[in-house]
Amino acid sequence: MSVFPSFTPTHPAGRHARVLLSSVFGPYAQDDEFGSRKINPMELYHNQVTRAQGPFSLRIFHRSWGIMFLQSNLENPSTVLDFPTRERFIKELKRNHYDVVGISSIIVNVGKVREMCRLVREHAPKARVLVGGHVAAIPGLDTMIDADHIVKGEGVSWMRRFLDQDPAARIAHPPIASGFGHRIMGLKLPGDIGSTAATIIPSVGCPLGCNFCTTSAFYGGKGKYINFLETGREVFEAMEAAEKAMHLRAFFMMDENFLLHRRRAMELLDCMREANKSWELYVFSSANALRQYTMEELVELGISWVWMGLESPRSGYAKLSGTDTLELTRNLRANGIRVLGSSIVGMEHQTPENIAGEIEYACGHETDFHQFMLYTPLPGTPLYAEMKQQGRMLDDEELADVHGQFKFNWKHPFISRDESKTFLDRAFWRDFERNGPSLYRICRTTLEGIRRYRTHAEPRVRARFEREMKNLRTQYSALLWAMEKHLRLSNDTVADKVRELRLEVRRECGGMGSFTASWLFGPMMLWLTRHEERKLAKGITYEPKTFIERKNWALE
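Here is a short report on the structure shown in this document. All values derive from a computational prediction rather than experimental measurement.

Where charged atoms from two side chains of opposite charge come close, those side chains can pair. Tallied over the full model, the rule gives 45 salt bridges. Of the charged contacts, one joins D255 and R264 as a salt bridge, the two residues approaching to 3.1 Å between their closest N and O atoms. R264 carries the same exposure label as D255, and that label is buried. Here E360 makes a salt bridge to R430, at a shortest N to O gap of 2.8 Å. Of this pair, E360 sits in helix 12 (residues 355–363) while R430 sits in helix 14 (residues 417–435), and the two are 70 residues apart along the sequence. Assessed through its relative accessible area of 25%, R430 is described here as partly exposed. Residues joined in a network through salt bridges with shared partners are E484, R488, D492, D496, R499 and R502.

Okay, structure coming up:
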């Protein structure tokens, strides 16, 4: 068995090999024999960010971008099979001949990877089996599954070498919708995609290298990253191509710290100005990276959403050094930039006595979204190696439960494993109780930006906020009306805030349009919200649809 990067073999069929690239099979949001967990659905936001918000939780699926990226950069006849059922995976193996089967997975789904390897041996015994993604970080994975090659780290160059193609060839960026299957307050958005943004992947890895970060460790550790798009011009060209292909003007930049590379970002801004692009960017950024920019630069660049690590006030991570995160998040929101804050529950200095204060501090940021994660040593990270060396890992813990949203997989000095889940759940509930639904917070921040920038000197900036104002005046007014009525049953304080915001939107964004939207569609949204709450109380879960995409394909 080979493990990248020490050795990369070559397949005898080279660029003529028929390739199947698959994510692990579903269903996902249930407890099953292959390691799926009901607590860990295939929904990033509902799983890790808005899960305590009931019918107000943002429900959205994201494609398996890695296998889509691989397919776009191979000359081979290939199929992407994303979110198959077990039966659909078997059908694909039996119906078509494949020389290579690549399986991508995260750590918790290793049980499904094992079963898929077994199925390939049964139904396509001549195929080479490749396994990649974060699951490859598990120590001793080669003894747990029956694969020919485990691909660690960046996969495009590995696959190109394996299939006798130039590993240094220019990267072809595929058009990728940032999400699909959107559901808001019980309303399923129309269309198969339903996305308002395209995904752009400028790089993988993170140079900051926090000790718990799987992404940083997976791509080489602290100080290491791999650029697919080196310059601002290359990023611009990828965005412009996605705009033409998908007719979208918003972009999710799947880059662990996009704003850290100031030269690239400012070159992108120059390109946007030159082409008069009124675009929106959703980015990941550390607090210190944000401090490299003026607020005016961020707004002109189109930054409208930031995912930022807040961790803990006593965490000591360099990315937070010297930054008042409370002031920073207030300033971002005051300029119409929505913030998703990420905080860690269960760091080593936290105790049952002080953790409530730290949770309250996190909620005090009043971010539009807030992710809470348990301090979790995941295989491959420096934190895992440290805990393993100290004998503090719980060796009997099942990998299917090691995802940061359940219980500790290590021995905390002050907090028990069962207490860890109690405190994590408390953090989600406290944020919702104090700050209200994230949908409300988004509207609040958006209105702040409209007030400040709808008369901006640059027309392309004005155009972006005019679009935001139209959305607030119409669909969001109906959501706020229904939200206020429903919250009267449980949280009068937040319901009053929602009402106040709804009236402000009417005053600032146009009275009749907002009034009409509220009274025409508000009652329908209220009914859908209460219907959704009843469904969730019965334990309903949602699953992504299956995608099948073929390239350079001809029937045998």
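Additional details are given in the paragraphs that follow.
A word on the nonpolar core. Within the largest apolar cluster, 145 residues are counted, with the highest numbers of intra-cluster contacts made by V131, L259 and L281. Ranked by residue count, the leading element in this core is helix 16 (residues 459–487), at 11 residues. Here L259 is in contact with V283, F284, S285, A289, L290, Q292, Y293, L298, L301 and I303, once residues within four sequence places are set aside. Membership of the second largest hydrophobic core comes to 25 residues, among which are C213, A362, M387 and F408.

Attention now moves to the packing of helix 3 (residues 86–95) against helix 4 (residues 110–123). Between two packed helices, the angle of one axis relative to the other and the distance separating the axes together describe the packing. Between helix 3 and helix 4, whose axes approach to 10 Å, the crossing angle comes to 30°. One element, helix 3, and the other, helix 4, form an angle in the roughly parallel class. You can see that helix 3 and helix 4 cross each other, and the crossing is right-handed. Residues R86, F89, I90, L93 and K94 of helix 3 touch helix 4, and the partners they reach there are E115, M116, R118, L119, V120 and H123. For the contact of helix 3 with helix 4, the per-class residue count stands at 6 nonpolar, 1 polar and 4 charged.

With respect to the secondary-structure elements, S343 resides in strand 16 (residues 338–345). Note on S343: relative accessible area 4%, which makes it buried. Within polar-contact distance, the side chain of S343 engages the side chain of H370 at 2.8 Å. Discounting residues that sit within four places of it in the chain, S343 has contacts with L310, E311, A362, H370, Q371, F372 and M373.

Looking now at the environment of V402. Counting through the fold element by element, V402 comes out in the loop between helix 13 (382–389) and helix 14. C-alpha separation for the pair V402 and L378, spaced 24 residues apart in sequence, amounts to 7.4 Å.

Adjacent strands of a sheet form backbone hydrogen bonds with each other and so pair up, either parallel or antiparallel. As summarised here, the arrangement of the 3 strands in space is 3-8-9, forming an open sheet in which the pairing is antiparallel. The open sheet has two edge strands with one neighbour each: strand 3 (59–61) and strand 9 (187–188).

Let us look at the side chain of T215. Note on placement: T215 falls in helix 6 (residues 214–218). We classify T215 as buried; its relative accessible area is 15%. What T215 contacts, discounting residues up to four positions off in sequence, is H134, G205 and E256.

Rules of the game
All residue numbers refer to positions counted from 1 along the written sequence of the respective chain. Given that this is a predicted model, residues contribute local features only at a pLDDT of at least 70 and side-chain atom pairs are listed and counted only at 80 or more, while totals for whole chains, interfaces and linings are drawn from all residues. Only hydrogens and water are removed before side-chain values are computed, so all heavy atoms of the structure are retained for them. Salt bridge, as used here: a side-chain nitrogen of Lys or Arg that lies within 4 Å of a carboxyl oxygen of Asp or Glu. Note on classification: 1.4 Å probe, protein chains only; a residue is buried when its accessible area is under 20% of the maximum for its type, exposed when over 50%, partly exposed between these limits. Starting at the N terminus, helices and strands are each numbered in turn, a helix being any DSSP run of H or I of at least four residues and a strand any DSSP run of E of at least two. We define the nonpolar core as a collection of buried residues of types Ala, Val, Leu, Ile, Met, Phe, Trp, Tyr and Cys that are connected through side-chain atoms lying within 4.5 Å of one another. For this analysis, residues touch if any pair of their heavy atoms sits within 4.5 Å. Comment: axis = line fitted to C-alpha atoms, over the contacting stretch for helices; angle = value between 0 and 180 degrees taken between N-to-C directions. Oblique is the label for any angle not covered by the other classes, which are roughly parallel (under 35 degrees), roughly antiparallel (over 145) and roughly perpendicular (65 to 115). Crossings are sorted by hand: turned counterclockwise from the far helix by less than a right angle, the near helix makes the crossing left-handed, and turned clockwise it makes it right-handed. All residues other than Ala, Val, Leu, Ile, Met, Phe, Trp, Tyr, Cys, Pro, Asp, Glu, Lys and Arg, Gly among them, are scored as polar; the first ten of these are nonpolar and the last four charged. Identification of polar contacts relies on pairs of N or O atoms within 3.5 Å, with a donor-acceptor requirement for protein atoms, meaning one able to donate a hydrogen and the other able to accept it, and with residues adjacent in sequence counted only if both atoms are side-chain atoms. Criterion used throughout: strands pair if DSSP finds at least two bridges between them.

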